[in-house]
Amino acid sequence: MATPGDSLTDKLAIKTPLFTISGYVVIGVILVLVLVLILFVSVTVCVLSRKRRSRRAKRRSSLIPVASDPIAQFKDADRKIEQIQIQNAAELKTLLDEKPRSADRNRSQDSELSFASTSGSGAAPPEPRDLGWGRWYSLRELEEATGGFAEVNVIGEGGYGVVYRGVLPDGSLVAVKNLLNNKGQAEKEFKVEVEAIGKVRHKNLVGLLGYCADGNKRMLVYEYVDNGNLEQWLHGDVGPSSPLTWEIRMKIAIGTAKGLAYLHEGLEPKVVHRDVKSSNILLDRKWNAKVSDFGLAKLLQSEKSHVTTRVMGTFGYVSPEYASTGMLTEASDVYSFGVLLMEIITGRIPVDYSKPPEEMNLIDWFKSKVAARLGEEVVDPLIMIQPTPRQLKRVLLVCLRCIDPDVAKRPKMGQTVHMLEAEEFPFRAATQAGQVQR
């Protein structure tokens, strides 16, 4: 009896009608064809994939630019920053030397400063930690510039810290402010805030040149203004007559108003100064006012105790609504400017306990004199040439408008500038023919 295997073998051995070949041969041919097909498909796929990869590589190489957009923008920003810093240094040397220079002379010195700052100073090149504006200084650089923060180089002290006079390797003068309140100050927030303040540029605002954050140290590097501050010239020992004539005082007042107007109305988002006072108004040798310390209250993110101490330290300048709201706004700056304008006119500090009780508070004494039509008595007696009645009356009214208890009635800083600059505002002058002329 035949087994199943034998019957299958017999069947495969039988010749098929196709070319009279056996079943074994047919199966072998089919297997060979399948293997050849698989090999062909695999080779084809490999060839196509290689071609695709080569095409992609060529496409990528052709699309890669010489410098990416962010890098190009960064380099452009660096070039602009360098130009600004060189210009600041040239202007500073002009003030110190007090020598007129032609445009060609300025250009040649600018190129010399650029060469000195990049190669001739011997200082290490700036580290790649700049924020898009200004310079990131190391603590060692600032220590060398200020002589190890020597006491002989101290040029000012305040609630924010100590200010030192410094000399950079290229010979330019700077003011280095060592901030005292550094508790909880995150380095990232410090960088963001300083970058925002550093981008603020106006001829009546002190320029921020750079910054330093090393460990718990936080420092700001400002342009150096070498003629002291308004407080020193108003209340210091200047002799029997003040060098601040009425015209110079009005120039300082208008310059200060323009700086504050730029902070309030020329920036987005706007900046509120929060500490307008005479010691924060720096003066150059041409009596141009430069407002300093703007934005630092926000920068420091001060604790409540520090804010309270700071407000008490500038008692007399702070607006009355601060007591009820606890917030300092643009209107608060306008109020403080009104007090500052009174200080410029009278030569008196906002609160003077050495005066009789009725004269102790500058605002109350000022208002009483104006109400009694004795405005000429408020003018600083150290001013040798007194203002005309029209000039005085205009400025007195500006003061009263700025310190209006109703916040809504106070003018904007831009309006204040116009009121101070207008020769006839807010009066009408009668001509000789009897006609009325604005």
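Use the structure listed above.
Here the structure is a predicted model, which is why all the values come from computation and not from measurement. (Residues numbered from 1 in each chain as written. Predicted model: local features only at pLDDT ≥ 70, side-chain atom pairs only at ≥ 80, totals over all residues. Heavy atoms only, no water.)

Chemist: Help me understand the packing of helix 14 (residues 389-402) against helix 15 (residues 413-421), please; the structure alone is not making it clear to me.
Modeler: Each pair of packed helices can be described by the angle between their axes along with the distance between the axes. Contact geometry of helix 14 with helix 15 gives a least axis separation of 9 Å together with a crossing angle of 165 degrees. On the basis of their axis angle, the class for helix 14 and helix 15 is roughly antiparallel. Relative to helix 15, the crossing made by helix 14 is right-handed. For the pair helix 14 and helix 15, the contacting residues are Arg 394, Val 398, Arg 401 and Cys 402 in the first and Thr 416, Met 419 and Leu 420 in the second. Broken down by class, the residue content of the contact of helix 14 with helix 15 amounts to four nonpolar, one polar and two charged. (Axes fitted to C-alpha atoms, helices over the stretch in contact; angles between N-to-C directions. Helix = DSSP H or I, 4+ residues; strand = E, 2+ residues; numbered from the N terminus. Parallel < 35°, antiparallel > 145°, perpendicular 65-115°, else oblique. Left-handed = near helix turned anticlockwise from the far one by under 90°. Contact = heavy atoms within 4.5 Å. Nonpolar A, V, L, I, M, F, W, Y, C, P; charged D, E, K, R; others polar.)

Chemist: Looking at this structure, how should I read unusual backbone geometry?
Modeler: Leave glycine aside and you will find that most residues have negative phi; peptide bonds, for their part, are mostly trans. The backbone of Phe 149 sits at a positive phi, close to 55 degrees, despite the residue not being glycine. Looking at the element boundaries, Phe 149 is found in the loop between helix 5 (139-145) and strand 2 (154-157). Residue Phe 149 is classed as buried on the basis of its relative accessible area of 18%. The phi dihedral of Trp 287 falls on the positive side, at around 65 degrees, and the residue is not glycine. (Buried < 20%, exposed > 50% of the residue type's maximum accessible area, 1.4 Å probe, protein only.)

Chemist: How do you make sense of the packing of aromatic side chains when you look at a structure like this?
Modeler: Geometry of an aromatic ring pair is reported as the spacing of the ring centres plus the angle between the planes. Under the defined criterion, the tally for this structure stands at three aromatic pairs. Relative to Tyr 211, the ring of Trp 136 has its centre 5.7 Å away and its plane inclined at 75 degrees; by these criteria the two rings are edge-to-face. Remark: Tyr 211 occurs in strand 5 (residues 208-214) and Trp 136 occurs in strand 1 (residues 135-136); sequence separation between them is 75 residues. Side by side, Trp 136 and Tyr 211 carry an identical accessibility label, which is buried. Aromatic side chains Trp 233 and Trp 287 sit 5.0 Å apart centroid to centroid with 80 degrees between the ring planes, which places their arrangement in the edge-to-face category. Pair noted here: Trp 233 is in helix 7 (residues 230-235) and Trp 287 is in the loop between strand 7 (281-283) and strand 8 (289-291), with a separation of 54 residues, a long-range link. A residue is classified by how much of its surface remains accessible, and Trp 287, at 17% relative accessible area, is buried. The ring of Tyr 137 is capped by Arg 135, whose NZ or CZ atom sits 4.7 Å from the centre of that ring. (Phe/Tyr/Trp six-rings, centres within 6.5 Å; stacked < 30°, edge-to-face > 60°. Lys NZ or Arg CZ within 6 Å of the ring centre and 35° of its normal.)

Chemist: Help me understand the sheet that holds strand 6 (residues 217-223), please; the structure alone is not making it clear to me.
Modeler: Note: strands within a sheet are paired through backbone hydrogen bonds, in either parallel or antiparallel orientation. Strand order in the open sheet formed by six strands is 1-5-6-4-3-2, and the pairing between neighbours is mixed. Two strands lie at the open edges of the sheet, namely strand 1 and strand 2, each paired on one side alone. Looking at chain direction, strand 3 (residues 161-167) and strand 4 (residues 173-179) are connected through seven bridges and run antiparallel. By the bridge assignment for strand 4, Arg 165 is matched with Ala 175. (Pairing = 2+ DSSP bridges.)

Chemist: Teacher, can you tell me more about the nonpolar core here?
Modeler: For soluble globular proteins, the rule of thumb is that nonpolar side chains tend to be buried together. By size, the foremost hydrophobic cluster in this structure holds 69 residues, and its most contacted members are Leu 230, Ile 252, Leu 263, Phe 337, Leu 341 and Ile 345. Examining the composition of this core, we find that 10 residues originate from one element, helix 8 (residues 246-265), more than from any other. Built from parts of two domains, this core gets at least three residues from each of domain 1 (132-223) and domain 2 (228-421). With near-sequence residues (within four places) excluded, Leu 230 lies in contact with Leu 244, Ile 252, Ser 278, Ile 281, Leu 283, Leu 340 and Ile 344. (Core = buried A, V, L, I, M, F, W, Y, C linked by side-chain atoms within 4.5 Å. Domains from an automatic or database assignment.)

Chemist: Quick question: what am I supposed to make of the packing of helix 12 (residues 330-346) against helix 13 (residues 362-371) here?
Modeler: Where helix 12 meets helix 13, the closest approach of the two axes is 11 Å, and the angle between their N-to-C directions is 70 degrees. As judged from the angle between their axes, helix 12 and helix 13 are roughly perpendicular. The way helix 12 lies across helix 13 gives a crossing that is left-handed. Touching Tyr 335, Val 339, Met 342, Glu 343 and Thr 346 of helix 12 are Leu 362, Ile 363, Trp 365 and Phe 366, all from helix 13. Per-class residue counts for the contact of helix 12 with helix 13 are seven nonpolar, one polar and one charged.

Chemist: Got a minute to help me understand the pattern of salt bridges in this structure?
Modeler: If the charged atoms of two oppositely charged side chains come close together, the side chains can form a pair. Counted by the stated rule, this structure contains 11 salt bridges. Between Glu 141 and Arg 135 there is a salt bridge; the shortest N-O distance is 2.5 Å. Under the relative-accessibility criterion, Arg 135 is labelled buried at 16%. For Glu 377, the salt bridge is made with Lys 369, and the minimal N-O distance between the two is 2.7 Å. (Salt bridge = Lys/Arg side-chain N within 4 Å of Asp/Glu carboxyl O.)

Distances and angles like these do not, on their own, reveal function.
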